[in-house]
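Close look at the chain arrangement
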Amino acid sequence: MNLIYDEMALTDLEDVPGPDLLKVITAAYRNPTYLSGAATTVVAEADGQVVGVAFGYPGEREEIVDDVMADLTAQSAAFDEPYEAESETSAGEWYLDSLAVDPNYQGRGIGRQLLQALPYYARRDRQAVIGLNVDRENPGAFRLYDRMGYQVTGTQMIGDHVYDHMQLEIGKPISVMN
């Protein structure tokens, strides 16, 4: 996940030393809110290790998810102030916040497998659409999402990068017995 933060080149994080940022990111992904609370983390494993991860949540839970990072950065001396993420999604879609595959395992279909697993989680969370933002400077990721049926629905600036917002209609949400 640290790769994603590096690629996004967020100006709010550029002065934070890499090891300190990695500690905060690691703590966030160990937080119950990220694992299976307001958000869902799906992992792919190979050779006994995690080699890919997809992280997402219903759009109406974005503030809850963003509060985790704000709280963790407020507790870290490496941050001058708590990190406040820009809004990236909206209610009415299950938002794929992040998808990352270990560079040593890219090109093996792991990203595709993670994407194929997401409709289950979106429907479980009572969503019929999956949305994501893909950096225009990452044509390989765009091709993957396009091949998987995602369609561009708009654009958005995140940090200093232009992103295409893409969505995939997945059908009716499933009923979950409590």
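So, how was this worked out
Residues numbered from 1 in each chain as written. Predicted model: local features only at pLDDT ≥ 70, side-chain atom pairs only at ≥ 80, totals over all residues. Heavy atoms only, no water. Helix = DSSP H or I, 4+ residues; strand = E, 2+ residues; numbered from the N terminus. Buried < 20%, exposed > 50% of the residue type's maximum accessible area, 1.4 Å probe, protein only. Contact = heavy atoms within 4.5 Å. Areas by Shrake-Rupley, 256 points an atom, 1.4 Å probe, with all protein chains shown as cover. Phe/Tyr/Trp six-rings, centres within 6.5 Å; stacked < 30°, edge-to-face > 60°. Core = buried A, V, L, I, M, F, W, Y, C linked by side-chain atoms within 4.5 Å.

**Some remarks on the overall build of the protein chain**
Looking only at helices and strands, one finds 6 helices and 6 strands in the protein chain. Element order for the protein chain, N to C, with α for helix and β for strand: α-α-α-β-β-α-β-α-β-α-β-β. A buried classification covers 44% of the 178 residues belonging to the protein chain. Taking contacts inside the protein chain between residues at least 6 apart in sequence as the whole, the part at least 24 apart equals 67%. Carbon and sulfur atoms form 47% of the exposed surface of the protein chain, whose accessible area is close to 9,700 Å².

**Digging into the packing of aromatic side chains**
Taken as a whole and judged by the stated rule, the model has 7 aromatic pairs. Arranged with centres 5.0 Å apart and planes meeting at 80 degrees, the rings of tyrosine 29 and tyrosine 34 form a pair that is edge-to-face. Given a relative accessible area of 3%, tyrosine 34 falls into the buried group. Seen in terms of ring centroids, tyrosine 34 and phenylalanine 55 are 4.5 Å apart; in terms of plane orientation they differ by 35 degrees. Their pairing is tilted. With tyrosine 34 in helix α3 (residues 32-36) and phenylalanine 55 in strand β2 (residues 49-58), the pair connects residues that are 21 residues apart, well separated along the chain. The buried category is assigned to phenylalanine 55, whose relative accessible area is 1%. Every member of this aromatic cluster is reached through a ring pair, and the members are Tyr29, Tyr34, Phe55, Tyr57 and Tyr95.

**A look at the nonpolar core**
By size, the foremost hydrophobic cluster in this structure holds 24 residues, and its most contacted members are Leu96, Leu99, Leu115, Leu118, Ile130, Tyr145 and Tyr150. Counting only elements with at least two residues in this core, the list comes to β1 (40-46), β2, β3 (94-101), α5 (110-124), β4 (129-135), α6 (139-147) and β6 (161-169). Considering every element that reaches this core, the biggest residue donor is α5, with 5 residues. In contact with tyrosine 150, not counting residues within four places along its chain, are Leu115, Ile130, Leu132, Tyr145, Met166, Gln167 and Leu168. Core analysis: the second largest hydrophobic core is formed by 17 residues, Tyr34, Met69, Tyr83 and Tyr95 among them.

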